[in-house]
Amino acid sequence: MNVHLHWFLPTGGDGRTLVDRHAYADGGIKRNRITPVSGVRAPDIEYLTQIAKAAEQLGFEAVLTPTGTWCEDAWLTTVALAQHTDRLKFLVAFRPGLISPVLAAQMAATYQRITRGRLLLNVVTGGDSTEQRRFGDRLDHDRRYARTAEFLSVVRGAWNGRPFDFDGEHYRVEGGLTALPPDPLPDIFFGGSSAAAGPVAAAHADVYLTWGEPPAAVKGKIDWIRGLAQEQGRTVRFGIRLHTISRDSSREAWTTADRLLNDLDPETIAAAQQALGRSESVGQQRMLALHGGSRDKLEIAPNLWAGVGLVRGGAGTALVGSHAEVADRIEEYHALGVEHFVLSGYPHLEEAYWFGEGVTPELAARGLLSTVPASPLLGIPAANGRPASAPGGAPLLVADGR
């Protein structure tokens, strides 16, 4: 089992800090004092293209594109970016229940033909009723998961290419089909930590995706989903969603993490924790429990830092360390059964290079990657033993490392 590496597209905005990255809004967190932050990067097609091209060049297989109020639409953005890339796949996040499952099946089929098979699907059931009501969805948490199960049953039925009938609580379909099914069928990534989510993942997911908890907790979730899937005669693969701060030395990496932490004032953290604490998502509550809203003892496992989750919803932990240390932690998760690593970092363009030029070669040397991207500098004469365009072998950063 090889490691599959994926990156992230910041379609809500990007920047050099965890604070005020969003170009359009504050992510739903209202603060009494907003500290202006320079260097916020709007998620325009030019910047996102830079990230997509970098991810493809560095050997990432796919990029995750989020869904929600504070980001651009994932379907439209990624199909545009597909015209600027050749091999990169797009892990498109979407919310079941907001559109017809037969229409979603048709959209996926069209996407596969336009991009020549570069679609992956990330099903986001939704853990925040306020966000769901914004889109006109008034179901409670557990009923949303029940609807997701029906939604995915209809999607897979429509992909059979034959008229398909379905009579459920949430959907009634007569003769549903996709006249030209997608080829290949896109893998379905699915996450959820609640009792309602587990059976849905076991029955419908190709890849169960968890946020970055300590290895022992991740193993517990893997065992849970694997057992549920076996009861249904299925096998499920596993993935993990993490941020990364990888540098030439451990000291450099932790200095960067400390700088991100120093950007956060107590008021900002308190406001974020209050907002995130209202989430119905069990996974979000598990993320919050890792740090309890405190700056103290944020290294919750070796090289696993919970500082991101002080202000960011969703994935709240980062792998922090030297390239070899980050590779060690990936290898540790891999030994538990994790195959897909969906990664990100701030800013996403620079951090993609830090990881791709530092950690990827480490993983390749350990035999964990099936293919390794060729260096674009291969065969170019070096100056003083180093490629002239990349002194020191590290990406060029702005002054003071920000």
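Presented here is an overview of the structure given in this document. (Residues numbered from 1 in each chain as written. Predicted model: local features only at pLDDT ≥ 70, side-chain atom pairs only at ≥ 80, totals over all residues. Heavy atoms only, no water.)

Turning our attention to the overall build of the chain. When helices and strands are tallied, the chain shows twelve helices and 15 strands. Residues counted as buried form 54% of the 402 residues belonging to the chain. Considering only intrachain contacts with a sequence separation of at least 6, the fraction spanning at least 24 residues in the chain is 74%. (Helix = DSSP H or I, 4+ residues; strand = E, 2+ residues; numbered from the N terminus. Buried < 20%, exposed > 50% of the residue type's maximum accessible area, 1.4 Å probe, protein only. Contact = heavy atoms within 4.5 Å.)

Attention now goes to the side chain of Ser 322. Note that Ser 322 resides in strand E12 (residues 318-322). The class for Ser 322 is buried, based on a relative accessible area of 13%. For Ser 322, the residues in contact, after removing those within four places along its chain, are Ser 246, Arg 247, Asp 248, Ser 249 and Ser 250.

Let us now look at the pairing of strand E2 (residues 62-65). Neither face of E2 is exposed, since Ala 62 and Leu 64 on one face and Val 63 and Thr 65 on the opposite face are all buried. Two strands pair when backbone bridges link them, and strand E1 (residues 4-8) and E2 are joined in this way by three bridges, in the parallel orientation. Bridge pairing links Trp 7 to Val 63 in E2. Relative to strand E3 (residues 89-94), E2 runs parallel, the two sharing four bridges. Bridged to Leu 64 within E3 is Leu 91. (Pairing = 2+ DSSP bridges.)

Within the largest apolar cluster, 74 residues are counted, with the highest numbers of intra-cluster contacts made by Leu 5, Phe 90, Ile 330, Tyr 333, Phe 341, Phe 355 and Leu 363. Residue contacts for Leu 363: discarding those within four places in its chain leaves Leu 5, Ala 327, Ile 330, Phe 355, Leu 368 and Leu 369. In this structure, Val 19, Trp 254, Ala 318 and Val 320 belong to the second largest nonpolar core, which totals 20 residues. (Core = buried A, V, L, I, M, F, W, Y, C linked by side-chain atoms within 4.5 Å.)

Tracing the backbone through its elements, the reader meets Ser 129 in helix H4 (residues 129-134). For Ser 129, a relative accessible area of 14% corresponds to the buried category. Aside from chain neighbours lying at most four places away, what touches Ser 129 is Arg 144 and Glu 280.

Per the counting criterion, the structure on display carries 18 salt bridges. Here Asp 187 and Arg 237 are joined by a salt bridge, their closest N and O atoms 3.3 Å apart. Highlighted residues: Asp 187 in the loop between strand E6 (172-176) and strand E7 (188-190) and Arg 237 in strand E9 (residues 237-247), separated in sequence by 50 residues. Judged by relative accessible area, which is 30%, Arg 237 ranks as partly exposed. Of the charged contacts in the structure, one is a salt bridge between Glu 213 and Lys 221, with a shortest N-O distance of 3.6 Å. Of the two residues examined, Glu 213 and Lys 221, each falls in the buried class. Overlapping salt bridges bring together Asp 328, Glu 331, Glu 362 and Arg 366 as one network. (Salt bridge = Lys/Arg side-chain N within 4 Å of Asp/Glu carboxyl O.)

This part is about the packing of aromatic side chains. Taken as a whole, this structure holds nine aromatic pairs when the rule is applied. Of the aromatic side chains, those joined through ring pairs into one cluster are Trp 75, Phe 94, Tyr 111, Phe 151 and Tyr 171. (Phe/Tyr/Trp six-rings, centres within 6.5 Å; stacked < 30°, edge-to-face > 60°.)

Going from Asp 183 to Pro 184, the amide bond is cis rather than trans, its omega being 0°. Omega for the peptide link from Tyr 346 to Pro 347 comes to -5°, which places this bond in the cis form. For Pro 347, the location among the structural elements is in the loop between strand E13 (338-344) and helix H12 (348-365). Despite not being glycine, Lys 297 has its phi angle at roughly 50°, a positive value. Turning to its location among the elements, Lys 297 is positioned in the loop between helix H10 (282-289) and strand E10 (299-301). The class for Lys 297 is exposed, based on a relative accessible area of 78%. Despite not being glycine, Asn 303 has its phi angle at roughly 65°, a positive value. Here Asn 303 lies in the loop between E10 and strand E11 (304-305).

Looking now at the packing of helix H11 (residues 323-336) against H12. Look at H11 against H12: their axes get within 9 Å of each other, and the N-to-C directions meet at 60°. By the angle class used here, H11 and H12 are oblique. For H11 against H12, the interelement crossing comes out right-handed. In contact with His 323, Ala 324, Val 326, Ala 327 and Ile 330 of H11, H12 contributes Trp 354, Phe 355, Gly 358, Val 359, Glu 362 and Leu 363. Tallied by class, residues from the contact of H11 with H12 come to eight nonpolar, two polar and one charged. (Axes fitted to C-alpha atoms, helices over the stretch in contact; angles between N-to-C directions. Parallel < 35°, antiparallel > 145°, perpendicular 65-115°, else oblique. Left-handed = near helix turned anticlockwise from the far one by under 90°. Nonpolar A, V, L, I, M, F, W, Y, C, P; charged D, E, K, R; others polar.)

In this model, H12 (18 residues) spans 25 Å end to end at C-alpha, consistent with the 26 Å of a helix rising 1.5 Å per residue. Of all the bends in H12, the greatest, near 30°, is centred on Gly 356. For H12, the set of buried residues is His 348, Leu 349, Glu 350, Glu 351, Ala 352, Trp 354, Phe 355, Gly 356, Gly 358, Val 359, Thr 360 and Leu 363. Next to the buried residues of H12 lie E1, helix H1 (45-57), E9, H11 and E13. Where H12 terminates, the next one or two residues include Gly 367, which has phi positive at roughly 75°. (Expected span 1.5 Å × (residues − 1). Bend = angle between axes of the 7 residues up to and from the residue.)

A few words now on helix H9 (residues 266-276). What H9 keeps buried is the set Thr 268, Ile 269, Ala 271, Ala 272, Gln 273 and Leu 276. Considering only its buried residues, H9 is in contact with H10. Between a side-chain oxygen at the N-terminus of H9 and the backbone nitrogen of Glu 267 the separation is 3.1 Å; the capping residue is Asp 265. (Polar contact = N/O pair within 3.5 Å; in protein donor to acceptor, adjacent residues only side chain to side chain.)

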